[in-house]
Amino acid sequence: MVERFDVALNTPAGRLTTAIDVPTGLIPITAIVPVTRRLGEEATQLEAQQALAAGQTISCKMGCAACCRMLVPLSPPEAFSLREYVEQLPTDRRTMLLTRLRDTKDRLTHAGLWAQLNDVAEASKPIPDAALDPINRSYYALRIPCPYLEDEMCSIYEARPAACRELLVTSPAELCQDLVQNPVTPLPIAMRIGSILGLVWGTLTHSPPRLIPLPMALEWAEQHNDESRQTWPGASLLDQVLDNMWRFLSQEFTNRRNPRNTGR
Ligand code: SF4
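Bear in mind the structure is a predicted one, so any value in this text is a computation, not a measurement. Here, residues in each chain are numbered from 1, in the same order as that chain's written sequence. A pLDDT threshold of at least 70 governs which residues receive local features in this predicted model, and a stricter bar of 80 or more applies before side-chain atom pairs are shown or counted, although totals over entire chains, interfaces and linings include all residues. Remark: hydrogens and water are excluded; side-chain values derive from all non-hydrogen atoms of the structure.

1. With respect to the overall build of the protein
A count of helices and strands for the protein gives 10 helices and eight strands. Our radius of gyration is a C-alpha quantity, and the globule rule it is checked against amounts to 2.2 Å times the number of residues to the power 0.38. The C-alpha radius of gyration computed for the protein amounts to 18 Å, which stays within 12% of the reference 18 Å derived for 264 residues, consistent with globular compactness. The dimensions of the protein, computed from C-alpha atoms along their principal axes, are 50 × 45 × 35 Å. Here the term buried applies to any residue with accessible area under 20% of the maximum for its type, exposed to any over 50%, and partly exposed to those in between, with areas from a 1.4 Å probe on protein chains only. Expressed as a percentage of its 264 residues, the buried residues of the protein come to 44%. Two residues qualify as a contact provided that any one of their heavy atoms is within 4.5 Å of a heavy atom in the partner residue. Restricting to contacts in the protein with at least 6 residues of sequence separation, those with at least 24 account for 77%. We count a stretch as a helix when DSSP gives it H or I for four or more residues in a row; a strand needs E for two or more, and each element gets its number in order from the N terminus.

See the structure below:
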């Protein structure tokens, strides 16, 4: 049995209205991930439509994976979701993926980064951007292709993290070859779905909001498997998601009215 909710969100790029079906009983956190991502994607589409109407071009296209060398952060619910997704893959695909993940771990360990990423994933309090920035830069400097990348295409497209769905640029694609040195122009993000899911999870489990680096997401999810088995009423999970979305959107309206708040 599902309950249908009509959702309306005012975003800086327009009003988003949609219907969401949520199971009436108790559900695990992973059950709310797809609808949360869908709301994020619909908000991104509004941003893209607004950019196109203003004469801008979205440069991101299938087969361009320049940004798939950056460190992608996942919320715990997304890490659990990714693990579920990988577990149901055919054995040969799963084996190939796990081999690439192991190779990536070896490279990161050799570069002295794996332990730092682990500290990020297990931090007992939120890590300030200033502390994350050098880690992100060191990771990007290695130019390690995402372990889920195959022939410059995302092999987990339907299950890819929210952070991957949100990153679109309106600057020329060539600039993405060096995302540190070049002044790329990302499409504004009205609400960061990974952060929203992370905040919901933090509230539910009384833990600090955390983001898990993608290369270690499966390991992290395995180590925290017991937590993933907890369940909550579906409507209450959706309420918490929407509550955090409204807060993000309210902040985003303020930031866009006062760009100096964000340095934009
Ligand atoms: S998950 Fe997919 S889209 Fe995201 S960085 Fe990896 S290959 Fe790229």
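Now, onward.
2. Structural notes on the packing of aromatic side chains
Aromatic ring pairs are reported here in terms of the distance separating the ring centres and the angle at which the planes meet. Between rings of Phe, Tyr and Trp, where Trp is taken as its six-membered ring, a pair exists when centres lie within 6.5 Å; planes separated by under 30 degrees are stacked, by over 60 edge-to-face, and by other angles tilted. Counted by the stated rule, this structure contains three aromatic pairs. When the centroid spacing of 5.9 Å and the interplanar angle of 85 degrees are considered together, the rings of tryptophan 201 and tryptophan 232 count as edge-to-face. Of the two residues, tryptophan 201 is situated in helix H7 (residues 193–205) and tryptophan 232 in strand S8 (residues 231–233); the sequence distance between them amounts to 31 residues. Note on tryptophan 232: relative accessible area 13%, which makes it buried. We call a charge positioned above a ring when the Lys NZ or Arg CZ atom is no farther than 6 Å from the ring centre and deviates by at most 35 degrees from the ring normal. Note that arginine 160 overlies the ring of tyrosine 157, its terminal NZ or CZ placed 3.8 Å from the centroid.

3. Notes on the environment of leucine 132
With respect to the secondary-structure elements, leucine 132 resides in helix H5 (residues 129–142). Considering only alpha carbons, one finds leucine 132 and glutamine 116, 16 residues apart in sequence, at a separation of 9.8 Å. What leucine 132 contacts, discounting residues up to four positions off in sequence, is Val120 and Ile127.

4. Concerning the site of the ligand
All residues in the neighbourhood of the ligand are listed as Cys68, Val72, Cys146, Tyr148, Leu149, Cys154, Ile156, Pro161, Cys164 and Leu214. The classification used treats Ala, Val, Leu, Ile, Met, Phe, Trp, Tyr, Cys and Pro as nonpolar, Asp, Glu, Lys and Arg as charged, and all other residues, Gly among them, as polar. The residue inventory of the shell around the ligand, partitioned by class, reads 10 nonpolar, no polar and no charged. A single heavy atom is enough: if one lies within 4 Å of a molecule or strand, its residue is considered near that molecule or strand.

5. Structural notes on the pairing of strand S1 (residues 2–11)
For two strands to be treated as a pair, DSSP must find no fewer than two bridges joining them. Two strands pair when backbone bridges link them, and S1 and strand S2 (residues 14–23) are joined in this way by 10 bridges, in the antiparallel orientation. Note that in S2 the partner of aspartate 6 across the bridge is alanine 19. Between S1 and S2, which follow one another and run antiparallel, lie two residues.

6. Examining the confidence of the model for the protein
For the protein, per-residue confidence averages 94 on the pLDDT scale, and residues scoring 70 or more make up 98% of the total. Values of pLDDT, the confidence the predictor places in each residue, fall between 0 and 100. Averaged pLDDT values over the elements of the protein bottom out at 94 in helix H9 (residues 225–228) and peak at 98 in helix H2 (residues 76–87).

7. Some thoughts on the pattern of salt bridges
Definition used for salt bridges: Asp or Glu carboxyl oxygen within 4 Å of a side-chain nitrogen of Lys or Arg. For the structure shown, the criterion picks out 16 salt bridges. Measuring nitrogen to oxygen at the nearest pair gives 3.7 Å for the salt bridge that ties arginine 143 to aspartate 178. Placement of the pair is arginine 143 in the loop between H5 and strand S5 (149–150) and aspartate 178 in the loop between helix H6 (162–166) and H7, with a sequence separation of 35 residues. Owing to a relative accessible area of 33%, arginine 143 belongs among the partly exposed residues under this scheme. The exposure class assigned to aspartate 178 is partly exposed, which follows from its relative accessible area of 23%. Here the salt bridges share partners, and the residues they tie into one network are Glu41, Arg160 and Arg165.

8. So, H7
Every helix has an expected span of 1.5 Å times one less than the residues it contains. In this model H7 runs 18 Å from its N-terminal to its C-terminal C-alpha over 13 residues, within 8% of the 18 Å that 1.5 Å per residue would give. In terms of burial, H7 is largely enclosed, as 10 of its 13 residues are buried. Where H7 is concerned, the buried positions are Ile193, Gly194, Ile196, Leu197, Gly198, Val200, Trp201, Gly202, Leu204 and Thr205. The inward-facing, buried residues of H7 contact helix H1 (33–53), H2, H6, H9, S8 and helix H10 (234–257). Two residues or fewer after H7 comes histidine 206, characterised by a positive phi angle close to 55 degrees.

9. Description of the environment of leucine 117
As for its position among the elements, leucine 117 is in helix H4 (residues 114–121). Among the residues examined, leucine 117 registers a relative accessible area of 0% and is labelled buried. Apart from residues no more than four positions distant in its own chain, leucine 117 is found in contact with Leu71, Leu108, Ile135, Tyr139, Pro213 and Met216.

10. Things to note about unusual backbone geometry
With phi around 50 degrees, arginine 143 is a residue other than glycine that occupies positive phi space. Phi at histidine 206 takes a positive value of approximately 55 degrees, unusual for a residue other than glycine. With respect to the secondary-structure elements, histidine 206 resides in the loop between H7 and strand S7 (212–213).

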